[in-house]
Amino acid sequence: QVQLVESGGGLVQAGGSLRLSCSASGRTFSTNAMGWFRQAPGKERAFVAAIVFSGGVTYYADSVKGRFTISRDNAKNTVYLQMNSLKPEDTAVYYCAAAALVYYLAVPTGYDYWGQGTQVTVSS
């Protein structure tokens, strides 16, 4: 099992920044990628960004390209999501997830483990 704990959410004004963290513990050697998803009220969980551990390849949803950056600290088993130029439509619960395989990183079913989520609210 892999345990994931998110932190860093909060309330920020439009145009501001937040950095989310996702700390992994347990059988982390069984995972090869991690991603961030978000879910707004009444909407489905949506892909935000992902990073493949081998080579550090990253993927982003079109809606966040150029504003969000995903990164990983191998020594700390932690993945970060730096969010800049935040917009009210970025408001959602943000979840991190870990995947054993690296083929379906843009869909929730591609992940094996999930965190509990952290709320991000962007005011206009």
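As shown above, the structure is provided for reference.
What you see is a predicted model, and the numbers here were worked out from it, not measured in a lab.

Each value, and the rule that gives it
Residue positions are given per chain, counting from 1 as you read along its sequence in written order. In keeping with the model being predicted, local features are shown solely for residues with a pLDDT of at least 70 and side-chain atom pairs are shown and tallied solely at 80 or more, while totals for entire chains, interfaces and linings include all residues. Side-chain calculation: all heavy atoms of the structure are included, whereas hydrogens and water are not. By nonpolar core is meant a set of buried Ala, Val, Leu, Ile, Met, Phe, Trp, Tyr and Cys residues that side-chain atoms within 4.5 Å join together. When a residue's accessible area, from a 1.4 Å probe over protein chains only, is under 20% of the maximum for its type it is buried; when over 50% it is exposed; and in between it is partly exposed. Counting from the N terminus, the helices are DSSP H or I runs at least four residues long and the strands are E runs at least two residues long. Only heavy atoms enter the contact rule, under which two residues are in contact if any of them lie within 4.5 Å. Aromatic rings from Phe, Tyr and Trp, taking only the six-membered ring of Trp, are treated as a pair when their centres fall within 6.5 Å; an angle between ring planes under 30 degrees marks them as stacked, one over 60 as edge-to-face, and anything in between as tilted. Only when the NZ of Lys or the CZ of Arg is both within 6 Å of the ring centre and within 35 degrees of the ring normal is a charge said to sit over the ring. The pairing criterion for strands is at least two bridges between them, as found by DSSP. When charges are tallied, Lys and Arg are placed among the positive residues and Asp and Glu among the negative ones, while His and the ends of the chain are skipped. In the sections that follow, a salt bridge refers to a side-chain nitrogen of Lys or Arg positioned within 4 Å of a carboxyl oxygen of Asp or Glu. A 3.5 Å cut-off defines polar contacts: any pair of N or O atoms within that distance qualifies, except that in protein one atom must be a possible hydrogen donor and the other a possible acceptor, and neighbouring residues in sequence count only when both atoms are side-chain atoms.

S.K.: Give a detailed account of the nonpolar core, specifying residues and quantitative values.
M.R.: Counting 36 residues, the largest nonpolar core has Trp-36, Leu-81, Met-83 and Tyr-94 as its most contacted members. When residues of this core are traced back to their parent elements, those giving at least two are β1 (2–7), β3 (18–26), β4 (33–39), β5 (46–52), β7 (68–73), β8 (78–83), β9 (92–99) and β11 (118–123). Apart from residues lying up to four places away in sequence, Tyr-94 is in contact with Glu-6, Leu-20, Trp-36, Phe-37, Arg-38, Val-48, Phe-68, Leu-81, Met-83, Gly-117, Thr-118 and Val-120.

S.K.: Tell me about the packing of aromatic side chains, and please be specific about residues and values.
M.R.: Under the defined criterion, the tally for this structure stands at 4 aromatic pairs. Judged by centre distance (5.7 Å) and plane angle (70°), the ring pair of Phe-37 and Phe-47 falls under edge-to-face. Residue Phe-37 is found in strand β4, and its partner Phe-47 is found in strand β5; the two are separated by 10 residues along the sequence. Given the relative accessible area of 0%, Phe-37 is considered buried. In textbook terms, an aromatic cluster arises when at least three aromatic residues are bridged by ring pairs, as seen for Phe-37, Phe-47, Tyr-111 and Trp-114. A cation over an aromatic ring shows up here: Arg-72 above the ring of Phe-53, its NZ or CZ 3.5 Å from the ring centre.

S.K.: An account of the pairing of β9 is needed here, citing residue identities and associated values.
M.R.: Most of β9 sits out of view: 7 of its 8 residues are buried. Bridge analysis of β4 against β9 gives 7 bridges, and the strand direction is antiparallel. Across the sheet, residue Trp-36 finds its bridge partner in β9, namely Cys-96. Alignment of β9 against β11, held across 3 bridges, turns out to be antiparallel. Of the residues in β11, the one forming a bridge with Ala-92 is Val-120.

S.K.: Give a description of the side chain of Glu-6 that names residues and reports values.
M.R.: Structurally, Glu-6 can be placed in strand β1. Look at Glu-6: it is buried, it has no salt bridge, and the nearest opposite charge is Arg-45 at 7.5 Å. Reaching out from Glu-6, the side chain makes a polar contact with the backbone nitrogen of Cys-96 at a distance of 2.9 Å. From its side chain, Glu-6 meets the backbone nitrogen of Gly-117 in a polar contact 2.9 Å long.

S.K.: Hey, could you go over the pattern of salt bridges for me, with residue numbers and the actual values?
M.R.: Under the counting rule described, the total for this entry stands at 3 salt bridges. Of the charged contacts in the structure, one is a salt bridge between Asp-62 and Lys-65, with a shortest N-O distance of 3.2 Å. Take Asp-62 and Lys-65: they sit in the same class, and that class is exposed. Salt bridges sharing partners connect three or more residues here, namely Arg-38, Arg-67 and Asp-90.

S.K.: Talk me through the side chain of Ser-21; I want residue IDs and the actual numbers.
M.R.: Following the sequence through the fold, Ser-21 ends up in strand β3. Setting aside its immediate chain neighbours within four residues, Ser-21 contacts Val-5, Glu-6, Ser-7, Trp-36, Thr-78, Val-79 and Tyr-80.

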